[in-house]
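What follows is the residue order along each chain.
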Amino acid sequence: MTMIEIAPADALIVVDIQNDFCAGGALAVPDGDAVVPLVNRLARQFGVVVLTQDWHTPGHASFASTHGCAPFQAINLSYGPQVLWPDHCVMGTSGAAFHPGLDVPSAQMIVRKGFHPAVDSYSAFVEADHATKTGLAGYLAERAVERLFVVGLATDFCVNWTALDGRVAGFDVTVIEDACRGIDLDGSLERAWRDMGTAGVRRCGSQELAFVVSLPD
Ligand code: VGL
Ligand code: ZN
């Protein structure tokens, strides 16, 4: 196995490890909690660690309840098709809080996304209008980051869009597969891996990572 050597300037992007995406949450990702111990271990080995947090207004445009529709169907909003979800990750609620087992004290930046009432944001870089930026690319550029390693929930939505937009922003992007879990709505997981592959997003397992510089716990 060819190992991938992690350098101090590589960034770990930890996507949406929040109560609502874990067991008992409003939009629980199957087996979502399982990534927490691995993410905790990985985060100790990266010099740059960013957490993302899905952070919606009450009555958000991505909520089925807002439109009087059933969850998991798609509708067209001003910026294009939008899957409608159960109410989740409402700003300030316990559902929006990080999973209590997430133990990443070295995280330096938290990107909240999806806080505009009329626009969703799966991506940690650009909102679903494909125009409004979160500032993450600028932050990473100012920290001289070139390579991103993406983990978290859900593989086929926020991990996928974050990885794709990381490529658009010019980063080398790798998704660490065993540190992610997917929702898999109508084949979305397979589609996500295909789209990421087409965009040049790399895919690896955590065992392929070699940590050259060991950081303090
Ligand atoms: C997500 C659906 C809605 C995610 C966020 O974190 O993947 N999925 N909001
Ligand atoms: Zn959301």
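Note: the structure precedes this text.
All residue numbers refer to position in the chain's written sequence, counted from 1. By the order in which they are written, chains take letters starting at A while ligands take numbers starting at 1. Per-residue local features are limited, in this predicted model, to residues with pLDDT of at least 70; the limit for side-chain atom pairs, both in listing and counting, is 80 or more; totals at the level of whole chains, interfaces and linings are taken over all residues. To get the side-chain values, all heavy atoms of the structure are used, and hydrogens and water are removed first.

### Focus on the overall build of the protein chain
Looking only at helices and strands, the protein chain features 5 helices and 10 strands. Over its C-alpha trace the protein chain gives a radius of gyration of 16 Å, about what one expects of a compact globule, namely 17 Å for 217 residues. Taking the principal axes of its C-alpha atoms as reference, the protein chain extends roughly 50 × 35 × 30 Å. The buried share of the protein chain, reckoned over its 217 residues, is 52%. Approximately 9400 Å² of the protein chain is accessible, and the part contributed by carbon and sulfur atoms is 54%. Under the counting rule used here, the positive set is Lys and Arg, the negative set is Asp and Glu, and His together with the chain ends is not counted. Each charge is placed at NZ for Lys, CZ for Arg, CG for Asp and CD for Glu. Each charge sign in the protein chain was given a centre, from 13 positive and 25 negative side chains, and these centres are 4 Å apart. We count a stretch as a helix when DSSP gives it H or I for four or more residues in a row; a strand needs E for two or more, and each element gets its number in order from the N terminus. All radius of gyration figures rest on C-alpha atoms, and the globule criterion is 2.2 Å times the number of residues raised to 0.38. Relative accessibility thresholds used throughout: buried, under 20% of the residue-type maximum; exposed, over 50%; partly exposed, between the two (1.4 Å probe, protein chains only). Note on areas: these come from Shrake-Rupley sampling with a 1.4 Å probe, and a residue is covered only by the protein chains present in the view.

### Quick look at the environment of Leu-164
Tracing the backbone shows Leu-164 in helix α4 (residues 155-168). Sequence separation between Leu-164 and Arg-112 is 52 residues; the distance between their C-alpha atoms is 18 Å. Pairs of residues are marked as contacts when any of their non-hydrogen atoms sit within 4.5 Å. If sequence neighbours within four positions are ignored, Leu-164 has contacts with Asp-195, Met-196, Ala-199 and Val-201.

### Let's talk about the site of ligand 1
Only a single heavy atom is needed: when it lies within 4 Å of a molecule or strand, its residue is near that molecule or strand. Lining the immediate environment of ligand 1, one finds Asp-16, Phe-21, Leu-27, Asp-54, Trp-85, His-88, Tyr-122, Leu-153, Ala-154, Phe-157 and Cys-158. Here a nitrogen atom of ligand 1 and a side-chain polar atom of Asp-54 are 3.1 Å apart. A distance of 3.0 Å is found between an oxygen atom of ligand 1 and a backbone nitrogen or oxygen belonging to Cys-158. For ligand 1, the cavity whose grid points lie within 2 Å of the majority of its atoms is the largest cavity. Of the residues assigned to the shell around ligand 1, the class counts are 8 nonpolar, 1 polar and 2 charged. Think of a polar contact as two N or O atoms within 3.5 Å of one another; within protein, one of them needs to be a possible hydrogen donor and the other a possible acceptor, and neighboring residues in sequence only count if both atoms come from side chains. Whether a set of points on the 1 Å grid over the protein atoms alone is a cavity depends on a 1.4 Å probe fitting there but being unable to get out, while an open set qualifies as a pocket with protein on both sides within 12 Å along at least five of seven lines; lining residues are those with an atom within 4 Å of a point. Each molecule is checked against the cavity or pocket grid, and it sits inside if more than half of its atoms lie within 2 Å of the grid points. Classification used: nonpolar for Ala, Val, Leu, Ile, Met, Phe, Trp, Tyr, Cys and Pro, charged for Asp, Glu, Lys and Arg, polar for all others including Gly.

### Let's talk about the sheet that holds strand β7 (residues 147-153)
When DSSP locates at least two bridges between a pair of strands, those strands are taken to pair. The sheet built from 6 strands is open, its strands ordered β6-β3-β2-β7-β8-β9 with parallel pairing. The outermost strands of the open sheet, each flanked by one partner alone, are β6 (109-113) and β9 (202-204). Averaged over all pairs of adjacent strands, the angle between strand axes in this sheet comes to 25 degrees, irrespective of strand direction. By the bridge criterion, 5 bridges tie strand β3 (residues 48-54) to β6 in an arrangement that is parallel. If you follow Val-50 over to β6, its bridge partner there is Met-109. Helix-sheet contacts for helix α1 (residues 36-43) involve β2 (11-15), β3, β7 and β8 (172-181), and the interaxial angle to β8 is about 145 degrees. Every axis in this analysis is a line fitted to C-alpha atoms, fitted for helices over the stretch in contact. Angles between the N-to-C directions lie between 0 and 180 degrees.

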